[in-house]
Amino acid sequence: MKHFEANFDGLVGPTHNYAGLSFGNVASLSNAALASNPKAAAKQGLQKAKALADMGMVQGMLAPQERPDLYTLRRIGFSGSDANVIQQAAKEAPMLLNACCSASSMWTANAATVSPSADTRDGKLHFTPANLVDKLHRSIEPLTTGRILTATFNDPHYFHHHSHLPEHNSFGDEGAANHTRLCKEYGHAGVELFVYGQEATNPSAPKPQKYPARQTLEASMAVARLHQLEEDNCVFIQQNPDVIDQGVFHNDVIAVGNQNVLFYHEQAFLNTQHKIDEIKRKLDTELYFIEVPTAKVSINDAVKSYLFNTQIITLPSGEMVIVAPTDCQENPAVFAYLNELLTLNTPIKQVLYFDVKQSMQNGGGPACLRLRVAMNDMEVAAVNQHTLMNEGLFGRLNTWVDKHYRDRLTTADLADPQLINESRTALDELTQIMKLGSVYLFQR
Ligand SMILES: N=C(N)NCCC[C@H](NC(=O)CCC(=O)O)C(=O)O
């Protein structure tokens with residue numbers, strides 16, 4: 001049996017905009033006044049996904065969500081025709097309208113936590129959509145995320161879909177952005193690292209003072225239980241609260257792993273050495289711990305460039321490659337570090353740079369844009385094949401974006417009721433292209 005690690009990237013939705021919705025995410029707040037370019041954003045994402053498919057990787061796409069979210073706006077008391085709902089919300093509660101228009105489901109690293117069948121007791125691949133309760137605009141994602149994941153991984157013989165965790169701060173869950181899997185080969189049982197920002201039920205445990213810790217230990221442990229993981233295959237690590245207070249709102253902004261490599265900043269975790277020893281005890285293979293010292297890359301440079309929000313992928317040749325945003329090339333300290341990394345005799349042999357600036361300006365780098373799903377060839381064959389990237393899908397999705405997307409959007413434009421029809425027409429056509437069925441409420 002062959003094994004792969006597939007990446008499922010989020011297709012950027014037609015309402016991609018900069019609304020400053022994410023307190024604790026420096027890029028989101030500092031770019032709040034910018035006009036976005038949804039067409040360019042979607043195309044940058046497609047370009048990256050296609051490049052990985054061209055390198056021989058299994059690459060899929062996950063559909064975006066319906067926005068504006070009129071159901072949430074009605075649930076909080078706006079009424080009348082769809083156009084009235086938008087106009088009232090724009091007048092009386094513009095920030096709530098912005099939250100209901102965000103294209104934030106594009107960051108599929110936050111869509112769910114995924115455990116491959118090699119790790120789980122029932123031998124199935126498990127998915128738990130993230131509840132994303134810390135941010136209003138993201139807390140409205142999980143139900144539709146669940147439907148999109150089920151339509152994409154649509155064979156219950158192989159795929160086990162759970163509901164998202166209870167919608168309470170005690171179970172704050174941000175999905176795969178705080179989850180890394182180390183293993184010898186993708187098809188071997190691995191060790192799943194769950195990185196959390198705080199212990200919700202222990203008031204004396206360390207936590208950040210300024211910015212929220214979005215992931216709780218309680219949530220991580222619940223996901224591990226649901227996914228039927230063995231204690232010997234899990235390591236729970238606390239993120240350093242000081243770096244959360246410097247803008248590291250998810251672990252994937254400060255650490256990334258692949259197979260036997262963990263690439264992380266010196267200040268990423270609490271009790272680092274102790275946790276590394278635990279990983280070594282639980283995973284019997286040659287491991288590479290690549291720790292980046294503050295003296296070479298400051299937290300500020302890591303957050304600005306997204307050095308750690310890179311993808312480390314294993315090409316079919318067995319060589320590892322880092323997929324980095326061009327912002328890493330533009331930051332002298334980070335660029336120098338990446339060049340040095342290639343000489344360090346680790347499995348990482350190449351760095352490829354991609355322009356994903358439309359996403360970066362909202363705090364989402366290459367790794368945020370993808371959900372990793374390690375699968376064997378039977379599982380890959382059981383995936384909805386119309387979601388897998390190839391020449392045909394790339395062409396169809398580019399034509400679809402050209403037809404439906406605007407090339408400029410400001411938060412003022414979100415008051416335009418025309419966006420509802422534009423978005424629904426586009427998404428209805430998309431469900432036909434990707435053969436997803438009626439995943440959107442407007443289709444039901
Ligand atoms: N690190 C990972 N895996 N994902 C990045 C998510 C970025 C996202 N930004 C936003 O939601 C900004 C939206 C706005 O301000 O318009 C967030 O903060 O949740």
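If you're wondering where the values come from, they're calculated on a predicted model, not measured in any experiment.

Cut-off values and rules
Residues numbered from 1 in each chain as written. Predicted model: local features only at pLDDT ≥ 70, side-chain atom pairs only at ≥ 80, totals over all residues. Heavy atoms only, no water. Pairing = 2+ DSSP bridges. Helix = DSSP H or I, 4+ residues; strand = E, 2+ residues; numbered from the N terminus. Axes fitted to C-alpha atoms, helices over the stretch in contact; angles between N-to-C directions. Contact = heavy atoms within 4.5 Å. Core = buried A, V, L, I, M, F, W, Y, C linked by side-chain atoms within 4.5 Å. Buried < 20%, exposed > 50% of the residue type's maximum accessible area, 1.4 Å probe, protein only. Near = heavy atom within 4 Å. Polar contact = N/O pair within 3.5 Å; in protein donor to acceptor, adjacent residues only side chain to side chain. Areas by Shrake-Rupley, 256 points an atom, 1.4 Å probe, with all protein chains shown as cover. 1 Å grid on protein atoms, 1.4 Å probe; cavity = no way out; pocket = protein on both sides within 12 Å on 5 of 7 lines; lining within 4 Å. Sits in = over half its atoms within 2 Å of the grid points. Nonpolar A, V, L, I, M, F, W, Y, C, P; charged D, E, K, R; others polar. Salt bridge = Lys/Arg side-chain N within 4 Å of Asp/Glu carboxyl O. Phe/Tyr/Trp six-rings, centres within 6.5 Å; stacked < 30°, edge-to-face > 60°. Lys NZ or Arg CZ within 6 Å of the ring centre and 35° of its normal. Patch = residues over 30% accessible without salt bridge, like charges linked within 9 Å, V, L, I, M, F, W, Y side chains within 5 Å. UniProt positions renumbered as here; feature names shortened; annotations may be inferred.

**Student:** So, the sheet that holds strand β9 (residues 255–258): which residues are in play, and what are the values?
**Tutor:** Consider a sheet: its strands pair through backbone hydrogen bonds, and that pairing is either parallel or antiparallel. The strand order β9-β10-β11 describes an open sheet built from three strands, whose pairing is mixed. One side of each edge strand has no neighbouring strand; the edge strands of this open sheet are β9 and β11 (288–292). Averaged over all adjacent pairs, the angle separating strand axes in this sheet is 10°, with direction ignored. In the sheet, strand β10 (residues 261–265) pairs with β11 via five bridges, with the strands oriented parallel. In the sheet register, Tyr 264 faces β11, and the bridge partner there is Glu 291. On the sheet, helix α10 (residues 272–282) packs against β10 and β11 and is oriented at approximately 165° with respect to β11.

**Student:** Requested: an account of the nonpolar core, with residues and values cited.
**Tutor:** If you look at the biggest cluster of nonpolar residues, it comprises 75 residues, and the most contacted ones within it are Phe 8, Met 61, Phe 153, Phe 159, Val 373, Met 375 and Leu 430. Setting aside anything within four residues of it in sequence, one finds Val 373 in contact with Phe 4, Glu 5, Ala 6, Phe 8, Val 114, Leu 125, Phe 127 and Phe 153. Phe 263, Ala 302, Leu 307 and Ile 312 belong to the second-largest nonpolar core, a separate cluster that totals 20 residues.

**Student:** Give me the lowdown on the environment of Gln 88, citing residues and values where you can.
**Tutor:** Locating Gln 88 in the fold gives a position in helix α4 (residues 82–92). Along the sequence, Gln 88 and Ala 415 sit 327 residues apart, while their C-alpha atoms lie 9.1 Å from each other. Discounting residues that sit within four places of it in the chain, Gln 88 has contacts with Phe 78, Ser 79 and Ala 93.

**Student:** Could you give me a rundown of the site of the ligand, with the residues and numbers involved?
**Tutor:** The ligand sits among 22 residues. The nearest are Ser 22, Ser 28, His 137, Asp 252 and Cys 368. Between Asn 17 and the ligand, the recorded distance is 3.4 Å, taken from a backbone N or O atom to an oxygen atom. His 137 places a polar side-chain atom, nitrogen or oxygen, 2.7 Å from an oxygen atom of the ligand. Protein chains shield 100% of the accessible area of the ligand, which is 490 Å² for the free molecule. If you map the ligand onto the pockets, it falls in the second largest cavity. Of the residues in the shell around the ligand, the class split is eight nonpolar, 11 polar and three charged.

**Student:** Account for the pattern of salt bridges, with residues named and values stated.
**Tutor:** One pass over the structure, following the stated rule, counts 21 salt bridges. A salt bridge links Asp 82 to Arg 424; the shortest N-O distance between them is 3.3 Å. Here Asp 82 is found in helix α4, whereas its partner Arg 424 is found in helix α17 (residues 418–433), with 342 residues between them in sequence. The partner of Arg 406 in a salt bridge is Glu 422, with the nearest N and O atoms 2.8 Å apart. On the criterion of sequence distance, the pair formed by Arg 406 in the loop between α16 (391–404) and α17 and Glu 422 in helix α17 is long-range, its members being 16 residues apart. Overall, Glu 422 belongs to the partly exposed group, its relative accessible area being 22%.

**Student:** Tell me what's going on with the packing of aromatic side chains, and back it up with residues and numbers.
**Tutor:** Applying the stated rule across the entire model yields 13 aromatic pairs. For the ring pair Tyr 440 and Phe 442, a centre distance of 5.8 Å and an interplane angle of 10° mean the geometry is stacked. For Tyr 440, a relative accessible area of 1% gives the class buried. When the ring centre of Phe 394 is taken as origin, the NZ or CZ atom of Lys 50, which lies over that ring, is 5.3 Å away.

**Student:** Outline unusual backbone geometry, listing residues and values.
**Tutor:** Residue Pro 68 follows Arg 67 across a cis peptide bond; omega there is 0°. Within the secondary structure, Pro 68 sits in the loop between β2 (59–62) and α3 (70–75). Although it is not a glycine, Gln 228 sits at a positive phi angle of roughly 55°. Here Gln 228 lies in the loop between α8 (217–226) and β8 (234–238). Non-glycine residue Asn 345 carries a positive phi angle of around 65°. Within the secondary structure, Asn 345 sits in the loop between α13 (332–341) and β14 (348–354). Residue Asn 345 is classed as exposed on the basis of its relative accessible area, which comes to 65%.

**Student:** Run through a nonpolar patch on the surface, naming residues and quoting values.
**Tutor:** Together, Ile 76, Leu 96 and Leu 136 make up a nonpolar patch on the protein surface, roughly 250 Å² of accessible area in all. Looking at where Ile 76 falls in the secondary structure, it is placed in the loop between α3 and α4. Residue class for Ile 76 comes out partly exposed when judged on its relative accessible area of 44%.

**Student:** Give me the sheet that holds strand β7 (residues 191–196): which residues, what numbers.
**Tutor:** Reading across the sheet, the three strands line up as β6-β7-β8 and stay open at both edges, with mixed pairing between neighbours. The open sheet has two edge strands, β6 (179–182) and β8, and neither has a second partner. Adjacent strand axes in the sheet meet at a mean angle of 25°, parallel and antiparallel pairs treated alike. Two strands pair when backbone bridges link them, and β7 and β8 are joined in this way by five bridges, in the parallel orientation. Residue pairing for β8: Glu 192 is matched across the bridge by Cys 234.

**Student:** Give me the UniProt feature "active site" (unreviewed entry) in the chain: which residues, what numbers.
**Tutor:** According to UniProt, the "active site" (unreviewed entry) feature falls on Glu 174, His 250 and Cys 368. Spatial clustering of the annotated residues is evident: they stretch over 195 residues in sequence, but the largest pairwise C-alpha distance comes to 11.1 Å. Set against the second largest cavity, the annotated residues that line it come down to His 250 and Cys 368. The buried category is assigned to Glu 174, whose relative accessible area is 1%. In terms of polar contacts, Glu 174 uses its side chain to reach the side chain of Arg 214, at 3.2 Å. For Cys 368, the location among the structural elements is in the loop between α14 (357–360) and β15 (370–376). The exposure class assigned to Cys 368 is buried, which follows from its relative accessible area of 3%. Contact partners of Cys 368, with chain neighbours within four places excluded, come to Met 106, Trp 107, Thr 108, Ala 109, Asp 252, Tyr 306, Asn 309 and Gly 363.

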